[in-house]
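Geometric and topological summary
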Amino acid sequence: MKQEEHFGFGTIKKLEGILEETSAKKVFLVTGKNSYASCGAENSLRGLLGKYDFSRFYDFEENPKIEDVRRGMNSFRKFNPDLVIGVGGGTALDMAKLLNILSPQTHDPEEYICRGEEIKKRGKPLVLVPTTSGTGSEATNFAVVYVDKKKYSLAHEFMLPNYTIIDPSFTLNLPKIITASTGMDALSQAIESYWVTGSTQDSREHSRNAINLAMENLQIAVNNPTDESRLAMAKSANLAGKAINITKTTAPHAISYAFTSHFGIPHGHAVGLTLGKFLEYNGQVTEEDYNDSRGPEFVKKSIGELCGLLNVESPHLAKDKLDSLMSEIGLETSISSLGIKSEEDLDLIIENVNVERLTNNPRRINKDVMKTLLRS
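Cut-offs and rules
- Residue numbers run consecutively from 1 along every chain, following the written order of its sequence.
- Local features in a predicted model are, by the rule used here, given only for residues with pLDDT of at least 70; side-chain atom pairs are given and counted only at 80 or more, and totals for whole chains, interfaces and linings are based on all residues.
- For side-chain calculations, the full set of non-hydrogen atoms in the structure is used, while hydrogens and water are omitted.
- To get an axis, fit a line to the C-alpha atoms, keeping to the stretch in contact for a helix; angles then go from 0 to 180 degrees between the N-to-C directions.
- Strands are runs of DSSP state E lasting at least two residues, helices are runs of H or I lasting at least four, and both sets are numbered from the N terminus onward.
- Every angle not falling under 35 degrees, over 145, or within 65 to 115 is termed oblique; those three ranges are roughly parallel, roughly antiparallel and roughly perpendicular.
- The hand of a helix crossing depends on one turn: near helix anticlockwise from the far one by less than a right angle means left-handed, and clockwise means right-handed.
- In what follows, a contact means two residues having at least one pair of non-hydrogen atoms within 4.5 Å.
- Residues enter a nonpolar core if they are buried and are Ala, Val, Leu, Ile, Met, Phe, Trp, Tyr or Cys, with the set joined through side-chain atoms within 4.5 Å.
- Exposed residues in this analysis have more than 50% of their type's maximum accessible area, buried residues have under 20%, and partly exposed residues fall in between, with area computed by a 1.4 Å probe over protein chains only.
- Note that Gly is not counted as nonpolar here; it falls among the polar residues with everything else outside the nonpolar set of Ala, Val, Leu, Ile, Met, Phe, Trp, Tyr, Cys and Pro and the charged set of Asp, Glu, Lys and Arg.
- Two strands form a pair only when DSSP identifies at least two bridges running between them.
- In the cavity and pocket records, a cavity denotes points on a 1 Å grid over the protein atoms alone where a 1.4 Å probe fits but cannot get out, a pocket denotes an open set with protein on both sides within 12 Å along at least 5 of 7 lines, and lining residues are residues with an atom within 4 Å of a point.
- Grid points are joined across faces, edges and corners, and a volume is the space filled by probe spheres set on the points.
- Here, a salt bridge means any Lys or Arg side-chain nitrogen found within 4 Å of an Asp or Glu carboxyl oxygen.

Closest axis-to-axis distance for the helix H7 (residues 176-195)/helix H8 (residues 201-223) pair is 8 Å, and the angle between their directions is 160°. As summarised for this structure, H7 and H8 are arranged roughly antiparallel, according to the angle between their axes. Considering how the two elements wind past one another, H7 and H8 form a crossing that is left-handed. For the pair H7 and H8, the contacting residues are Lys176, Thr179, Ala180, Gly183, Met184, Leu187, Ala190, Ile191, Ser193 and Tyr194 in the first and Ser203, Arg204, Ser207, Arg208, Ala210, Ile211, Ala214, Met215, Leu218, Ala221, Val222 and Asn223 in the second.

Rendered as structure tokens:
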């Protein structure tokens with residue numbers, strides 16, 4: 001499906017033309033609870049939506065659960081909109097995608113999320129407006145939802161938005177910690193998409209550009225933000241989203257979900273905790289444990305290219321550089337300092353690893369390897 005993208009400061013005004021083009025009369029608006037006002041989106045959209053009948057849904061948690069989805073579907077069906085707009089961070093955008101695709105279906109949402117029931121009906125025209133620079137959800141055809149603290153990812157081509165408006169002005173008031181965590185998510189997605197077993201020429205091009213933008217601008221966007229650094233991080237996140245839409249993610253993401261659901265660590269921070277360790281681990285791939293059909297030398301070459309993008313000479317130095325970057329932007333790098341201290345904690349994380357994401361990693365990983373990496 002062809003998407004229409006609008007990129008840059010002030011592009012939220014493009015929404016007016018989209019509303020007219022789609023002949024929408026009733027708009028279902030999915031937003032964060034407080035971020036919608038604090039980022040400035042509420043002020044911007046008040047005038048644009050003034051003459052439309054709209055219903056706003058924001059009754060969901062930061063890491064949305066199946067119960068949140070059911071609540072939203074009830075609101076969606078009762079209102080019966082012509083158009084859906086998602087405004088916010090990754091959670092709000094994912095929720096907009098989930099509600100838009102699941103509400104027209106006939107079965108319970110759990111059948112589609114957990115048991116692979118076929119999605120047959122399209123949703124309404126969908127507009128996504130990210131207000132953070134991290135998840136790239138506006139560029140992906142999947143969305144995350146938790147069922148009994150277990151993370152699921154629902155994917156379907158119908159979930160891609162018809163329109164995307166990426167206006168960095170909505171990121172200007174973000175707290176430093178959110179800029180840091182979401183920016184780390186974008187960087188992690190780009191790096192993982194580069195080494196993933198299913199990487200392609202297109203995904204790697206997206207990844208390279210996303211990594212370059214993040215490495216040049218993330219620290220500035222957090223500590224001394226400028227319009228230029230905010231715009232660059234918005235582009236980095238979008239490119240990283242386009243990369244993982246082709247490839248999906250790998251080990252750092254696979255482990256991160258338990259950090260978030262059981263220990264409350266924000267997603268981007270959670271992913272960054274093991275990113276450097278897995279880069280170093282993957283760089284030591286052998287003939288006995290490679291997981292990429294292109295062979296261990298291809299994996300080593302990819303890791304070497306990543307080291308070049310990070311401007312270091314070895315995977316070990318790349319790990320150090322990524323850990324240093326996290327410290328510079330205020331993200332703790334020690335899991336024990338984040339409350340993960342006991343063997344029981346480590347076992348809990350390992351037992352809740354996302355297996356699908358783990359199998360995308362270019363070097364095979366077992367429970368002993370994960371525990372060693374987590375202990376270190």
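Moving on from the model shown.
So, on to the nonpolar core. The nonpolar side chains of soluble globular proteins are, as a tendency, buried together. Residues Ile191, Phe259 and Leu279 are the most contacted members of the largest nonpolar core, which totals 53 residues. In terms of residue count, the dominant contributor to this core is H7 (seven residues). Not counting residues within four places of it along the chain, the set of residues in contact with Phe259 comprises Gly264, Ile265, Ala270, Leu273, Thr274, Ile335, Ile340, Ile349 and Leu374. By size, the runner-up hydrophobic cluster in this structure holds 29 residues, among which are Phe28, Ala92, Ala96 and Val145.

This part takes up the packing of helix H10 (residues 251-263) against helix H14 (residues 343-351). For the pair H10 and H14, interaxial distance at closest approach is 8 Å and the crossing angle is 120°. By the criterion of interaxial angle, the relationship of H10 to H14 is oblique. Handedness of the H10/H14 crossing: right-handed. Where H10 approaches H14, its residues Ile255, Ala258, Phe259, His262 and Phe263 are matched on the opposing element by Asp345, Leu348 and Ile349. Considering only residue class, the contact of H10 with H14 consists of six nonpolar, one polar and one charged.

Right, let's talk about the sheet that holds strand E5 (residues 126-130) for a bit. An order of E1-E8-E5-E4-E2-E3 is seen for the six strands of this open sheet, with the pairing classed as parallel. Every interior strand has two partners, whereas the edge strands, strand E1 (4-7) and strand E3 (53-57), have only one. Put simply, the sheet's adjacent strands are angled 15° from each other on average, direction ignored. Bridge analysis of E5 against strand E8 (residues 163-166) gives two bridges, and the strand direction is parallel. Within E8, the residue paired with Leu128 across the bridge is Thr164. Where helix H4 (residues 66-79) meets the sheet, its contacts fall on strand E2 (26-31), E3 and strand E4 (83-88), and the angle it forms with E3 comes to roughly 170°. Here helix H5 (residues 90-102) sits on the sheet in contact with E2, E3, E4 and E5, set at roughly 160° to E4.

Let us look at empty space enclosed by the protein. In this structure the tally under the stated criterion is two cavities of 30 Å³ or more. Put simply, the largest cavity is a space of about 100 Å³. Along its surface, the largest cavity is lined by 18 residues, and Pro130, Thr132, Ser133, Gly134 and Glu138 are the ones closest to its centre. Residue composition of the lining of the largest cavity, by class: six nonpolar, 10 polar and two charged. Looking at the second largest cavity, its volume works out to about 60 Å³. Along its surface, the second largest cavity is lined by Ser133, Thr171, Leu174, Thr179, Thr182, Gly183, Ala221, Arg230 and Met233.

Enumeration according to the criterion identifies 21 salt bridges in this entry. Salt-bridge contacts for Arg71 lead to Asp68; the nearest nitrogen and oxygen are separated by 2.4 Å. Of the two residues, Arg71 and Asp68 both sit in helix H4, three residues apart, roughly one turn of that helix. By relative accessible area, which is 32% here, Arg71 ends up partly exposed. Here Asp68 falls in the buried class, since its relative accessible area comes to 3%. Put simply, Lys319 and Asp320 hold a salt bridge, and the shortest N to O gap is 3.0 Å. By relative accessible area, which is 30% here, Asp320 ends up partly exposed. Here the residues in one salt-bridge network are Arg70, Asp108, Glu110, Glu111 and Arg115, joined through shared partners.

When you tally the buried positions in E2, you get five out of six residues, the bulk of the element. The pairing of E2 with E3 spans five bridges and is parallel. Each residue of the ladder has a partner; that of Lys26, found in E3, is Asp53. Direction of pairing for E2 relative to E4: parallel, over a ladder of five bridges. Residue pairing across strands places Val27 opposite Leu83, the latter belonging to E4.

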